[in-house]
Protein chains: 2
Amino acid sequence: MHASTVSLTTPPFNPPTGLHARSFARHRAVSFYEAETEIYAQGERGGAVYRIEYGAVRLYRLLADGRRQVVAFYIAGETFGFEARPMRSFFAESIAPTGLTTIDTEGVDCCPSDLMSLALASMVRAQEHLSVVGRQSALEKLAVFLVDLHDRHRGDGRIALPMTRIDIGDYLGMTIETVSRSFSKLRAMGIIRLESTRSVEVLNLKRLRLMGE
Amino acid sequence: MHASTVSLTTPPFNPPTGLHARSFARHRAVSFYEAETEIYAQGERGGAVYRIEYGAVRLYRLLADGRRQVVAFYIAGETFGFEARPMRSFFAESIAPTGLTTIDTEGVDCCPSDLMSLALASMVRAQEHLSVVGRQSALEKLAVFLVDLHDRHRGDGRIALPMTRIDIGDYLGMTIETVSRSFSKLRAMGIIRLESTRSVEVLNLKRLRLMGE
DNA sequence: CGCCCCATTGAGACGTTTCAATGGATGTGG
DNA sequence: CCACATCCATTGAAACGTCTCAATGGGGCG
């Protein structure tokens, strides 16, 4: 799978409104990545972070036995790509058609505090992800996952799921069958409604939160 | 459990040699924490990070059902306490008698790159921890844990385990019984030798690494 | 329209958790 | 200094939940 990215100043379809690269520059070129496209690869040289204007991205690493650990999902408005080493520790791929703006971090030895904040936000996200993956049953994991997406999405009760069940499984540390069964169980409990496999409506957010812990 | 810390310039017993706060200041007061002492609590205001001169620290959070997720262990020479929010997201406690130097990060809106590096190192550590906890069997998890400690400890084949089996279990997402059984299994395989419950000798590092993946 | 991948559901195998008992190490008080 | 209490660690047996293997269904794209 190779990156075949096209750099555009305007996306080829309607991007969500109200999302502009207002953090670091007034106007900035938006790179377009079609779905399932590599943004950077493990082992590559770093030196930049990315802000998602629209779409979604997964960060993952490959284990020696071929398994895949999805470390994080990022959606519109979020920034990813912070790495400690000069080399990338993870792969980054677009999940859906995605527009990115690039923020160069090359050679900054004194970084602005808002960049530091974004990096730290990524760290806390990772540490909280730990609390979810490490313990709890499959049902609880999925509940936390959905609540997290709900809060980040800040929409009504409708959650878009750009990622596949495989992605979710690799993120939560369980098989796709268990993911699927857990969705069905939440539905049977009247907590969610599956509008489609890629869209969930939360019927009872309170109970969903309670399941998380 | 309340912090009863004593600020000293010299620790009350022999600290490991060769460990001085050389990163940010030439001489700095070393605060002493006896074993099992709170360094900071979830919900507290942040504003500082800590460098471990000797001893060990655990970072954890409490879940609503009373379970505990240990997010990280830190040992001598390492720095912890990076947080994205003004409030602490985790508890930090000394595991063994520990000496810390404090690095104030209050009100820095332009942080030095080496501080940024330390923060990013914490993030990568957390993300790699994910790969371990999320998947793999109990035996593999413990193998990765021991290899990690081995590499950080940079000693010979002897690994000090300042933490209890409970800590390890809460860190790897498994019960203490499974932790214990996994230790026994590694020993039966001739890969490790348990000098005591708190000290492990690695007999076959290569095989131990292979188990991790 | 048909193929292919993704998602769902079922049944059995496997591994971890739970419950329980024992042993060992440590620290305290008689 | 020994007895005892307490906490931690180990080990066993059964219960539970997830994984594996398998079959079916559904949606998207060529």
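Right above here is the structure, for reference.
These remarks concern the structure in this document. These numbers were taken from a predicted model, which means no experiment stands behind them.

What counts and what doesn't
The numbering scheme is per chain: residues are counted from 1 as the chain's sequence reads. Whichever chain is written first becomes A and whichever ligand is written first becomes 1, with later ones labelled in order. Restriction of local features to residues with pLDDT of at least 70 applies here, the model being predicted, together with a cutoff of 80 or more for giving and counting side-chain atom pairs; totals for whole chains, interfaces and linings are based on all residues. With hydrogens and water excluded, all non-hydrogen atoms of the structure serve as input to the side-chain values. What counts as a helix is a DSSP run of H or I of at least four residues, what counts as a strand is a run of E of at least two, and both are numbered from the N terminus. Between N or O atoms, a polar contact is any pair within 3.5 Å; within protein, one atom must be a potential hydrogen donor and the other a potential acceptor, and residues adjacent in sequence are included only when both atoms are from side chains. Contacts between residues were defined by any pair of non-hydrogen atoms, one from each residue, lying within 4.5 Å. Think of it this way: one heavy atom of a residue within 4 Å of a molecule or strand is enough to make that residue near it.

1. Focus: the side chain of B:S199
Residue and element names in this part refer to chain B.
Right, on to step 1. Examined against the element boundaries, S199 turns out to sit in strand β13 (residues 199–202).
Right, on to step 2. For S199, the side chain forms a polar contact with the side chain of E195, separated by 2.8 Å.
Right, on to step 3. Sequence-distant contacts of S199, defined by excluding residues within four places in its chain, comprise R158, I159, R193 and L194.

2. Points about the protein's contact with DNA strand C
Right, on to step 1. By nearness alone, 19 residues border DNA strand C, and A:R165, A:S180, A:R181, A:S184 and B:T178 come closest of all.
Right, on to step 2. A share of 65% of the atoms of DNA strand C within 4 Å of the protein falls on sugar and phosphate groups.
Right, on to step 3. In this structure, a phosphate oxygen belonging to DNA strand C sits 2.7 Å away from a side-chain N or O atom of A:S180.
Right, on to step 4. Counting residues per element, the ones that place at least two in the surface near DNA strand C are α3 (165–172) and α4 (176–188) of chain A together with α4 (176–188) of chain B.
Right, on to step 5. The element that contributes the greatest number of residues to the surface near DNA strand C is α4(A), accounting for five residues.

3. Some remarks on the protein's contact with DNA strand D
Right, on to step 1. If you check the shell around DNA strand D, you find 18 residues, and the closest are A:T178, B:R165, B:S180, B:R181 and B:S184.
Right, on to step 2. Within 4 Å of the protein, the contacting atoms of DNA strand D are drawn from sugar and phosphate to the extent of 63%.
Right, on to step 3. One of the side-chain N or O atoms of A:T178 is found 2.5 Å from a phosphate oxygen in DNA strand D.
Right, on to step 4. Those elements that place two or more of their residues in the surface near DNA strand D are α4 of chain A together with α3 (165–172) and α4 of chain B.
Right, on to step 5. Residue contributions to the surface near DNA strand D peak at five residues, all from α4(B).

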